[in-house]
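Here are the chains, one letter per residue:
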Amino acid sequence: MKIATRLNSFLAGNGHTIADAMDKLSSIDGLTHVDINYPEHLNASSEHEIAALLKRNHLQLNGIALRFQDVFQNGEFTNPDASLAAKAEQVCMEAVSLCRRLGGEVVTLWQAFDGFDYPFQVDYENSWNSMKNAITRIADAAAPDIKVSIEYKPFQPRSFSLMPNMATTLLLVEEIGRSNLGLTLDFCHMLMAGENPATSLAITASHHRLLGVHLNDGYRLNDDGLMVGSVHLMQTLEFLYYAKKYHYAQAIYFDTFPIRENAAMECAQNIQTVQKLLGFIDRLGMDRIETMIHEQSGFTASLLLGELMK
Ligand SMILES: [Mn+2]
């Protein structure tokens, strides 16, 4: 199983370098992969240094995650300034090249600023086409070896995101129709969007569009980034059941924010939770769980909770 976590959790505090963070990551049992934020982490460290750190710490690059800077606050691909929209696309092309050079598999695209705050602020059809055209070109530049995965989020920092939920994102991805394009499902983002995470996974995976999973937890109204399973345990269990059912083989990335917690202990706890929940699924057996689901009975479904508490 490929397990990755949020590098920035290990950069918090005073003066921690990417070298310090990677050293800490390499000491965590079960952690295999790292995601690098672009351009953020390349401002702090050179590409050469990151390549050497990955090698030294026996870590694989899962991929590159775009972190658009505040210059794009009026939109990435939908920026009203055409030169900035072109610049956002260029940043993605650079991320694709970097991912390829560092041996990663997937570029994760979270369009923080493609959204709106006021009625009448944007033209929705124009915005859709701008995003569609830009992402088509990015996916084509990434093909065939690099995957491009859109991480949707309903709001934050914008009041409304233009890529807000599973169905809208899947529609865009299917309209574009490139085989290396898909979705990253972030557990908190799905809760914020009012989705049941396992439903989103099953629909995305059955369309062969599941390219990334970000596990965490929260209280639905905010991107809390709490430890895996700490609030929505049964929905996390259901999500992992479907990840297994659809043979999800990319990394499980913990997108959590240990602000007051020790980052290494927090990550180790997330790994243990996932391993224990997957172990529980194995003990019960996929067939038995599937048989229970086929009853479509709320009572039968609740028996899983009893089994989990044994
Ligand atoms: Mn995420």
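As the structure is a computational prediction, the values presented were derived from the model and not from experiment.

### Focus: the overall build of the protein
Of the regular secondary structure elements, the protein holds twelve helices and ten strands. Rg of the C-alpha trace for the protein: 19 Å, near the compact-globule value of 19 Å for 310 residues, within the 12% margin. Its C-alpha atoms give the protein principal-axis dimensions of roughly 60 × 45 × 35 Å. Counting every position in the protein, which comprises 310 residues, the buried fraction comes to 52%. A separation of at least 24 residues holds for 77% of the contacts in the protein among residues at least 6 apart in sequence. Positive and negative charge centroids in the protein, built from 24 and 36 side chains respectively, lie 4 Å apart.

### A look at helix α1 (residues 18-26)
In an α-helix, one turn spans 3.6 residues, which is why side chains three or four residues apart end up on the same side. When we look at burial in α1, the residues that qualify are I18, A19, A21, M22 and L25. One side of α1 carries all its buried residues, which in axial view fall inside an arc of 160 degrees.

### A word on the coordination of the manganese ion
At this site the manganese ion is bound by E151 (OE), D186 (OD), H214 (ND1) and D255 (OD), with donor distances of 2.0 to 2.2 Å. Spacing between the donor residues of the manganese ion along their common chain follows E-x34-D-x27-H-x40-D. Of this pair, D186 sits in strand β8 (residues 181-186) while H214 sits in strand β9 (residues 210-215), and the two are 28 residues apart along the sequence. As far as burial versus exposure is concerned, D186 and H214 are alike and both buried.

### So, the sheet that holds β8
Taken in spatial order, the eight strands line up as β1-β2-β3-β4-β6-β8-β9-β10 and close into a barrel, and their pairing is parallel. Across the sheet, the mean angle separating the axes of adjacent strands is 30 degrees when strand polarity is ignored. In this sheet, strand β4 (residues 106-109) lies alongside strand β3 (residues 60-66) in parallel orientation, the contact comprising three bridges. Looking across to β4, one finds that A65 is bridged to T108. On top of the sheet, helix α5 (residues 124-142) reaches β4, β6 (147-151) and β8; it is set at about 145 degrees to β6, its chief contact. On the sheet, helix α10 (residues 263-284) packs against β1 (3-5), β9 and β10 (252-254) and is oriented at approximately 140 degrees with respect to β10.

### Considerations on the environment of D217
By the secondary structure assignment, D217 is in the loop between β9 and α9 (233-245). Residue classification places D217 among the buried positions, given a relative accessible area of 0%. C-alpha of D217 to C-alpha of Q73: the two residues are 144 residues apart in sequence and 27 Å apart in space. Among the polar contacts made by the side chain of D217, one reaches the main-chain amide nitrogen of V231 at a distance of 2.8 Å. A polar atom in the side chain of D217 sits 2.6 Å from the backbone nitrogen of H232.

### Quick notes on helix α6 (residues 166-176)
Turning to α6, its buried residues number three or more, namely M166, T169, L170, L172, V173 and I176. Along the axis of α6, the buried positions cluster into a sector of 160 degrees, meaning they face one direction only. Residue N165 occupies the N-cap position of α6, its side-chain oxygen lying 3.4 Å from the main-chain nitrogen of A167. G177 occupies a position one or two residues after α6 and carries a positive phi of about 70 degrees.

### What about the pairing of β6?
Burial analysis of β6 places four of its five residues in the buried class, which makes it a mostly covered element. For β4 and β6, the ladder comprises four bridges, and the chain directions are parallel. Of the residues in β6, the one forming a bridge with L109 is I150. Looking at chain direction, β6 and β8 are connected through four bridges and run parallel. The partner of S149 across the bridge, within β8, is G182.

### Remarks on unusual backbone geometry
In this structure, P39 follows Y38 across a cis peptide bond, with omega equal to 0 degrees. Looking at the secondary structure, you find P39 in the loop between β2 (33-38) and α2 (40-44). Residue P144 is bonded to the preceding A143 through a cis peptide linkage, with omega at 0 degrees. As for its position among the elements, P144 is in the loop between α5 and β6.

The rules behind these values
Residues numbered from 1 in each chain as written. Predicted model: local features only at pLDDT ≥ 70, side-chain atom pairs only at ≥ 80, totals over all residues. Heavy atoms only, no water. Helix = DSSP H or I, 4+ residues; strand = E, 2+ residues; numbered from the N terminus. Rg over C-alpha atoms; globule rule 2.2 N^0.38 Å. Buried < 20%, exposed > 50% of the residue type's maximum accessible area, 1.4 Å probe, protein only. Contact = heavy atoms within 4.5 Å. Lys, Arg positive; Asp, Glu negative; His and termini not counted. Charge placed at Lys NZ, Arg CZ, Asp CG, Glu CD. Arc of directions from axis to C-beta. Donors = N, O, S within 2.8 Å, 3.2 Å for Na, K, Ca; no water. Pairing = 2+ DSSP bridges. Axes fitted to C-alpha atoms, helices over the stretch in contact; angles between N-to-C directions. Polar contact = N/O pair within 3.5 Å; in protein donor to acceptor, adjacent residues only side chain to side chain.

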